[in-house]
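Residues per chain, in single letters:
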Amino acid sequence: MDELEVMLIESNFDPWESVSSILDHSGERASRLRAHVLETKLLYWNLICSTLKLEPAPTTLLELMHFECRMTGLLSLEQRATILEYSGRELSVAALIRLSARHSIWHAGQIALSKF
């Protein structure tokens with residue numbers, strides 16, 4: 001397992017600070033932020049899957065988190081280096097995966113703080 005895979009698994013599933021650690025938080029803000037995390041992960045992975053001609057991403061958050069970890073582990077170095085355009089920027093697939101992890105954990109922290 002390489003560093004990109006480890007980072008993605010930790011950002012999604014670490015019991016301490018991860019997306020999965022806030023899945024049971026309730027409230028309007030938590031629900032809205034979780035929906036946003038799902039929306040952006042889907043956007044990123046739909047772009048990756050269409051660019052690399054991979055199977056489509058699932059549409060529920062927990063399934064998508066497992067999917068992105070599995071798919072990241074299956075990507076070749078060449079696939080990870082493939083350049084795509086996102087939001088007016090050229091990024092490698094690996095860079096977009098890192099962006100997804102950063103973005104998701106950013107909002108997970110916001111959800112964690114919203115319970116206080």
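1. Let's talk about the overall build of the chain
In terms of regular secondary structure, the chain is built from 5 helices and 2 strands. In terms of overall dimensions, the chain is globule-like: its C-alpha atoms have a radius of gyration of 14 Å, near the 13 Å expected for 116 residues. By its C-alpha atoms, the chain is 45 × 30 × 25 Å across when sized along the principal axes. With 116 residues in all, the chain has 43% of them scored as buried. Contacts in the chain between residues at least 24 apart in sequence constitute 58% of all its contacts with a sequence separation of at least 6. For the chain, the computed accessible surface area is about 6,700 Å², with 57% contributed by carbon and sulfur atoms. The average position of the 11 basic charges and that of the 15 acidic charges among the side chains of the chain differ by 5 Å.

2. Focus: the pattern of salt bridges
Opposite charge on two side chains permits them to pair, given that their charged atoms come into close proximity. As enumerated under the stated definition, the model contains 4 salt bridges in all. Of the charged contacts, one joins Arg 80 and Asp 2 as a salt bridge, the two residues approaching to 2.4 Å between their closest N and O atoms. With Arg 80 in helix H4 (residues 77–81) and Asp 2 in the segment before helix H1 (3–13), this residue pair connects regions lying 78 residues apart in the sequence. Arg 80 sits in the buried class, given a relative accessible area of 9%.

3. Quick word on unusual backbone geometry
In this structure, Lys 53 is a non-glycine residue whose phi angle is positive, near 60°. Relative accessible area serves as the criterion here: at 72%, Lys 53 is assigned to the exposed category. Of note in this structure, Ser 87 is not a glycine but carries a positive phi near 55°. Checked against the element boundaries, Ser 87 lands in the loop between strand S1 (83–86) and strand S2 (89–92). Residue Ser 87 is classed as exposed on the basis of its relative accessible area, which comes to 65%.

The rules behind each value
Residues numbered from 1 in each chain as written. Predicted model: local features only at pLDDT ≥ 70, side-chain atom pairs only at ≥ 80, totals over all residues. Heavy atoms only, no water. Helix = DSSP H or I, 4+ residues; strand = E, 2+ residues; numbered from the N terminus. Rg over C-alpha atoms; globule rule 2.2 N^0.38 Å. Buried < 20%, exposed > 50% of the residue type's maximum accessible area, 1.4 Å probe, protein only. Contact = heavy atoms within 4.5 Å. Areas by Shrake-Rupley, 256 points an atom, 1.4 Å probe, with all protein chains shown as cover. Lys, Arg positive; Asp, Glu negative; His and termini not counted. Charge placed at Lys NZ, Arg CZ, Asp CG, Glu CD. Salt bridge = Lys/Arg side-chain N within 4 Å of Asp/Glu carboxyl O.

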